[in-house]
Amino acid sequence: MKLLVCISKTPDTTSKIAFTNGNSEFDTSGISYIMNPYDEWYALVRAIELKEANGGSVTVINVGPASNDQTIRKALAIGADDAIRVNAEPKSAMYVAKQIAEQAKAGGYDIVFTGKETIDYNGSEIGAMVAEYLDQPFISYGVSLEAAGGNATVKRDIEGGIETVELATPFVVSAAKGMAEQRIPNMRGIMMAKRKPLNVVEPVAAKDPSVTVSFDLPPAKTGVKLVDPENMGELVRLLKEEAKII
Amino acid sequence: MVNTLEEKKSLKGGEFLLKDSSYKDTFIPEEMNEDQQMVRDMVLDFIKNEIYPIDARMEKLEEGLNELVLEKAAALGLLGTHMPEAYGGLEMDTNTNTVITDYFGSVGNGFTVTYAVQTGIGMLPLLYFGTEEQKQKYLVPAISAEKKVCYCLTEPSSGSDALSAKTRADLSEDGKHYTINGQKMWISSSGFADTFIVFAQVDGDKFTGFIVDGGTPGLTLGAEEEKMGIHASSTRQVFFENVKVPAENVLGKIGEGHKIAFNVLNVGRYKLGAMCVGGARKGIDLSVKYANERNQFRKPIASFGAIKHKLGEQTIRLFAVESALYRASHLMQELKHDLMKGGKSFTEATLISAEEYAMECAILKVIGSEMSDYVVDEAVQIHGGMGFSEETAVSRAYRDSRISRIYEGTNEINRLLTVNTLMKRVMKQELDFLSPAMAVQKELMEGTTTPLGEGKYGQEEKTIKDFKKAILMVLGSAAKLQMEGKLNLKEEQEIVMNISDMIMDTFVAESLLLRIQKLGELTEKPQSQEIYDAILKVYFTDMNAKIAKDGMDAIVSFAEGDAMKGLLSGLRKFTKYPPINVKKARRLVADTLIEANGYCL
């Protein structure tokens, strides 16, 4: 079974978020990065588990500059066999999806995994776009995935419950919490990571039709008003006139 | 043995006091390579995923949990990173091992002790002194955590004076086994250990190491001790009543148990220093977060100068000790590397490099544990009443930290050891103390002064030279009186403690300077150079005052009349770091952490 896992590099969850250039760009100063947890904990680990059960290979793919190599090597340390980095700035979801699709087409994978979303822009778009470019089915929010002999059963999160889907490979799936559990790379994995192939390829020409105009932070929290428990009339007035929630 | 050091002009153990060091030769944590960063993150992930969820149960010393976590750590390869590949280890370099130990220090419960016992005083006697059969039988399963190890040295009547142990071992008439009788105390991990490294007097007077299997008839355990802290660690008494041990389980040679005990302790001390750094980093992180979150007088308490002083000072002290840790680690790594290139085995090189830097290891233990105690004490203070509640992590950190000043040789023993080791090396002519001491003498007579160094840190370079001169002057004078029979330093421990403190403070201050000089050349670093400079200047100001005080206490304790006046005048000359606005500098450091809402250096 040939498996491809798309991994993204995202700011650490504790990062302070700020913007520059007229609020149109993310301010990267002082930011430390991690592998997108949905890609790492669920997509990558489930792909590795399937390989361990059925044989085959796990390739990871990232679209980004050379500074992403450290994140890619973490995926190799966790257990991926090899990696592809498309040497380009990930300008938009559509651009990234096109790059991934080109490599996926060339590699002929049985399943392409993504995380359900990245924790920075929360787009949830890449999986569907890659599937469209590949003309393959797409299953979103997968919480479990069993696959063998060209067939797969995917359980996916839907509003208020779980939907079970059966389908034949190849397909694209986005992984959500529950599909696997975080796997810590072991020491040998870390030592081996540098010896595994990390192939850098140049991007293909791709459309990049959208432009980010600006980002806005949520309004800052306002102060707390304390109301005397004896003065309930005042509380009602504040809820009505200031908070406007009753 | 030290040929390779001389060829490379690397510092020998203790030689930092007698020679200049260059920042180019040191290692700073900001230079961690990708693998080291990945290893660090892995340790933190391990703690988060495998320890935090069961932390409360571990604190209650629930049966089986220490073993379980050790086994999980072993499965990831974490227990053998410093061990030879032939026994299932990974032979990683010293600096990477320092990173691992450092970050394991942030566990936040007594598992730090379990980890340190298994990988340190548990495995090292087997590695250094075990026969090939003993290594296969005991070291291999210790690395894989199939066997848990404990180290039985201390007895009710012998702690610091370890060699006076009363436990004895007598050889059977047929020469096939020894019979051990006696009692050991404060034995970490003994509650679940499978392998006991035991020290006993053969025929009542030959201090010797043994490997004893758990479950051997006659080996029994006392109840778990009710301790002030490290509750997650098992600590019991171990009793030996006619315990029969096969003769092939003698570890090392008969009568040479002290070699095992002392060599293992060198590494144990460096590891403890490293763990104190990791623990303190976490303590500061908790302090900053709480100070930002807690409002009084309608403002976060982090906005008050009194709290900023604490946050700044916690950080400065940690940062300085951390610099010393990685500097010493790198010295050991370089020597080990050279020894292996020269044909020594991994094991021999590990042993020799720790022995060479025994003095630096003792220093790390003392400064690490005292810095950690300071940090957790202030962490409780910043938390106010909440800090006194068992609900908060800092309360436990405060209790857990206290043992570090006691075990692996008390800080008092390690202070004595620091000066003793130095003097022994001088007497054996391994270090040239005389020439620099004479030069200081000459300088005092002629009234010349140390010139400023070149560049941005010229003042600090001069100050380090001056601190060293102060030590050479005080120690040299005391040693001279000792040789003339006018002073017996063995009976004057207070003076030795003063001098030892001067040595330790100088080692740390110089390590900090080297780190900050190196940071000055890095383009990518966590903070701007201005922050690091503030740390440097506050630390130098404080150490200048401290060295002046320790030097004065020592001088007035052994010198009189004109000799005393001359020495005090020299001391004043050597402790003249110019004043700076320390309030502003500490605030700059504190504000950086407050803004980041956590430790961010």
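Everything quoted here is computed from the prediction, not taken from an experiment.

Here's the deal with the overall build of chain A
Secondary structure summary: chain A contains six helices and 13 strands in total. Seen through its C-alpha atoms, chain A measures out along the principal axes to roughly 70 × 40 × 40 Å. When burial is assessed residue by residue, chain A has 40% of its 246 residues classed as buried. A separation threshold of at least 6 residues defines the contact pool for chain A, and within that pool the share at least 24 residues apart is 70%. One finds the centroid of the 26 positive side-chain charges in chain A at a distance of 5 Å from the centroid of its 32 negative side-chain charges.

Focus on the pattern of salt bridges
Residues and elements named next belong to chain A. Applying the stated criterion to the full structure yields 60 salt bridges over all chains. Between arginine 46 and glutamate 49 there is a salt bridge, and its shortest N-O distance comes to 2.7 Å. Of this pair, arginine 46 and glutamate 49 both sit in helix H1 (residues 37-54), separated by three residues, roughly a single helical turn. Taking relative accessible area as the criterion, arginine 46 reaches 10% and is therefore assigned buried.

What about the domain arrangement of chain B?
According to the domain assignment, chain B consists of domain 1 (149-255) and domain 2 (432-596). Of note, the centres of domain 1 of chain B and domain 2 of chain B, computed from C-alpha atoms alone, are 43 Å apart.

Observations concerning the packing of aromatic side chains
Each aromatic ring pair is characterised by the separation of its centres together with the angle its planes make. Enumeration over the complete set of coordinates arrives at 18 aromatic pairs over all chains. Geometrically, the ring pair formed by B:Phe46 and B:Phe104 is edge-to-face, given 6.2 Å between the ring centres and 65° between the ring planes. Here the residue B:Phe46 occupies a position in helix H2 (residues 34-51), and B:Phe104 occupies one in helix H5 (residues 94-104), the gap between them amounting to 58 residues. A residue is classified by how much of its surface remains accessible, and B:Phe46, at 0% relative accessible area, is buried. What makes B:Phe104 buried here is its relative accessible area of 0%. Feature note: the residues A:Phe19, A:Phe26, A:Tyr121 and A:Phe215 constitute an aromatic cluster, connected by ring pairs. Here the basic side chain of A:Lys91 rests over the ring of A:Tyr95, its NZ or CZ set 4.5 Å away from the ring centre. Its guanidinium or amino end placed over the ring of B:Phe319, B:Arg515 lies 3.6 Å from that ring's centre, counting from NZ or CZ.

A look at a nonpolar patch on the surface
A cluster of nonpolar side chains, contributed by A:Val236, A:Ile245 and A:Ile246, occupies part of the molecular surface with about 310 Å² of accessible area. Along the chain, the position of A:Ile245 falls in the segment after helix H6 (232-241).

Regarding the nonpolar core
Core analysis: the largest hydrophobic core is formed by 207 residues, its most contacted members being A:Leu44, A:Phe113, A:Leu145, B:Phe104 and B:Ile503. Among the elements that take part in this core, helix H9 (residues 305-341) of chain B stands out by supplying 15 residues, more than any other. For this core, the two domains that each supply at least three residues are domain 1 (149-255) and domain 2 (432-596) of chain B. When residues no more than four places from it in sequence are discounted, the contact partners of B:Phe104 are B:Val43, B:Phe46, B:Ile47, B:Leu78, B:Phe111, B:Thr112, B:Tyr115 and B:Met275.

Focus on the pairing of strand E5 (residues 206-213) of chain B
All names here are of chain B. Most of E5 is tucked away, with six of its eight residues classed as buried. One ladder, built from eight bridges, connects strand E4 (residues 195-202) with E5; its direction is antiparallel. By the bridge assignment, valine 202 is partnered in E5 with lysine 206. Here E4 hands over to E5 after three residues, with aspartate 203 in that stretch at a positive phi of 55°. The sheet contact formed by E5 and strand E8 (residues 250-251) spans two bridges and is antiparallel. Pairing of glycine 209 across the sheet is with leucine 251, part of E8.

Examining the packing of helix H8 (residues 257-293) of chain B against helix H10 (residues 346-356) of chain B
All names here are of chain B. It is at 9 Å that the axes of H8 and H10 come closest, and there the two elements cross at 75°. The orientation of H8 relative to H10 falls into the category roughly perpendicular. Contacts between H8 and H10 involve Asn263, Asn266 and Val267 on the former and, on the latter, Leu351, Ala354 and Glu355. Per-class residue counts for the contact of H8 with H10 are three nonpolar, two polar and one charged.

Examining the side chain of B:Ser500
Residue and element names in this part refer to chain B. Within the fold, serine 500 resides in helix H16 (residues 493-521). Take serine 500: its relative accessible area is 0%, and that puts it in the buried class. Once residues lying within four places of it in the same chain are set aside, the contact partners of serine 500 are Arg415, Thr418 and Val419.

Regarding the interface of chain A and chain B
Counting residues at the interface gives 15 residues for chain A, matched by 19 residues for chain B. Taken over both partners, the interface formed by chain A and chain B buries close to 1600 Å², and the fraction arising from carbon and sulfur atoms is 60%. A per-residue breakdown of the area chain A buries against chain B is headed by A:Ile184, A:Met187 and A:Ile190, which together make up 41% of the total. Applying the counting rule to chain A against chain B returns four salt bridges. The partner of B:Glu34 in a salt bridge is A:Arg73, and the shortest N-O contact between them spans 2.4 Å. If you look at where chain A meets chain B, you find six residue pairs in polar contact (both at pLDDT 80 or more). It is helix H2 (residues 69-78) of chain A that provides the largest number of residues to the side of chain A that touches chain B, a total of five residues. The class makeup of the residues in the side of chain A that touches chain B is six nonpolar, three polar and six charged.

Notes on the sheet that holds strand E13 (residues 198-201) of chain A
Residues and elements named next belong to chain A. Spatial ordering of the open sheet is given by E11-E10-E9-E12-E8-E1-E6-E7-E13, a layout of nine strands whose pairing is mixed. Strand pairing shows two members of the sheet lacking a second neighbour, strand E11 (161-168) and E13, which therefore form its edges. For this sheet, the mean inter-axis angle between neighbouring strands, taken without regard to orientation, is 30°. Where strand E10 (residues 151-158) and E11 come together, eight bridges link them in antiparallel fashion. The residue bridging arginine 156 from the neighbouring strand is glutamate 163, located in E11. Its contacts with the sheet place H1 against strand E1 (2-6), strand E6 (57-63), strand E8 (111-115), strand E9 (138-148) and strand E12 (171-175), and it is angled at close to 155° to E8. The sheet contacts of H2 involve E6, strand E7 (82-86) and E13, and relative to E7 the element is tilted by about 155°.

So, the confidence of the model for chain B
Of all residues in chain B, 99% attain a pLDDT of 70 or more, and the chain-wide mean is 95. Complex prediction metrics read pTM 0.92 and ipTM 0.84.

Comments concerning the environment of B:Val321
All names here are of chain B. Relative to the helices and strands, valine 321 resides in helix H9. Look at valine 321 and you get buried, because its relative accessible area is 5%. Each C-alpha atom of the pair valine 321 and alanine 274 lies 9.1 Å from the other, and the pair is 47 residues apart in sequence.

Things to note about the packing of helix H11 (residues 358-387) of chain B against helix H13 (residues 411-427) of chain B
Residue and element names in this part refer to chain B. Packing of H11 against H13 brings their axes to within 9 Å, and their N-to-C directions diverge by 150°. By the angle between their directions, the pair H11 and H13 is classed as roughly antiparallel. Handedness of the H11/H13 crossing: left-handed. Contacts between H11 and H13 involve Met359, Ala362, Ile363, Lys365, Val366, Ser369 and Glu370 from the former and Asn411, Asn414, Arg415, Leu417, Thr418, Thr421 and Leu422 from the latter. Here the contact of H11 with H13 is composed, by residue class, of six nonpolar, five polar and three charged.

Calculation notes
- Here the residue index of a chain counts from 1 through its sequence in written order.
- Chain letters start at A and ligand numbers start at 1, both assigned in the order the entries are written.
- Totals for whole chains, interfaces and linings use every residue, but because this is a predicted model, local features are given only for residues with pLDDT of at least 70 and side-chain atom pairs only at 80 or more, for both listing and counting.
- Remark: hydrogens and water are excluded; side-chain values derive from all non-hydrogen atoms of the structure.
- In this description a helix means any DSSP run of H or I spanning at least four residues, a strand means any run of E spanning at least two, and both kinds are numbered starting from the N terminus.
- Throughout this description, buried means an accessible area under 20% of the type-specific maximum (1.4 Å probe, protein chains only), exposed means over 50%, and partly exposed covers the range between.
- The contact criterion used is simple: two residues touch if any of their non-hydrogen atoms lie within 4.5 Å.
- The convention is simple: Lys and Arg are positive, Asp and Glu are negative, and His and the chain ends are not counted.
- Charge positions are represented by NZ for Lys, CZ for Arg, CG for Asp and CD for Glu.
- Salt bridges are defined as contacts in which a side-chain nitrogen from Lys or Arg sits within 4 Å of a carboxyl oxygen from Asp or Glu.
- Domain delimitation follows an automatic or database domain assignment.
- Pairing of aromatic rings covers Phe, Tyr and Trp, the last counted by its six-membered ring, and requires centre-to-centre distances within 6.5 Å; plane angles under 30 degrees mean stacked, over 60 mean edge-to-face, and any other angle means tilted.
- For a Lys NZ or an Arg CZ to count as sitting over a ring, it must be within 6 Å of the ring centre and within 35 degrees of the ring normal.
- Without a salt bridge and with relative accessible area above 30%, a residue can belong to a patch; like charges are then joined within 9 Å and nonpolar side chains (Val, Leu, Ile, Met, Phe, Trp, Tyr) within 5 Å.
- Computed with a 1.4 Å probe, the accessible areas rest on the Shrake-Rupley method; for each residue, only the protein chains presented here act as cover.
- Nonpolar core, defined: a set of buried Ala, Val, Leu, Ile, Met, Phe, Trp, Tyr and Cys residues in which side-chain atoms within 4.5 Å join the residues together.
- Only strands joined by at least two bridges in the DSSP assignment are considered to pair.
- Note on definitions: angles span 0 to 180 degrees between N-to-C directions of axes, and those axes are lines fitted to C-alpha atoms, for helices only across the stretch in contact.
- These descriptions rest on fixed angle ranges, namely under 35 degrees for roughly parallel, over 145 for roughly antiparallel, 65 to 115 for roughly perpendicular, and the rest for oblique.
- Three categories are distinguished: nonpolar for Ala, Val, Leu, Ile, Met, Phe, Trp, Tyr, Cys and Pro, charged for Asp, Glu, Lys and Arg, and polar for the others, with Gly belonging to the last.
- Here the buried area means the combined drop in accessible surface, using a 1.4 Å probe, for two parts upon being joined, counting both sides.
- By the criterion applied in these results, polar contacts are pairs of N or O atoms within 3.5 Å in which, for protein atoms, one can donate a hydrogen and the other can accept it, and in which residues neighboring in sequence qualify only through two side-chain atoms.
- Per-residue confidence from the predictor is reported as pLDDT, which spans 0 to 100.
- Here a crossing is called left-handed whenever its near helix is offset anticlockwise from the far helix by less than a right angle, and right-handed whenever the offset is clockwise.

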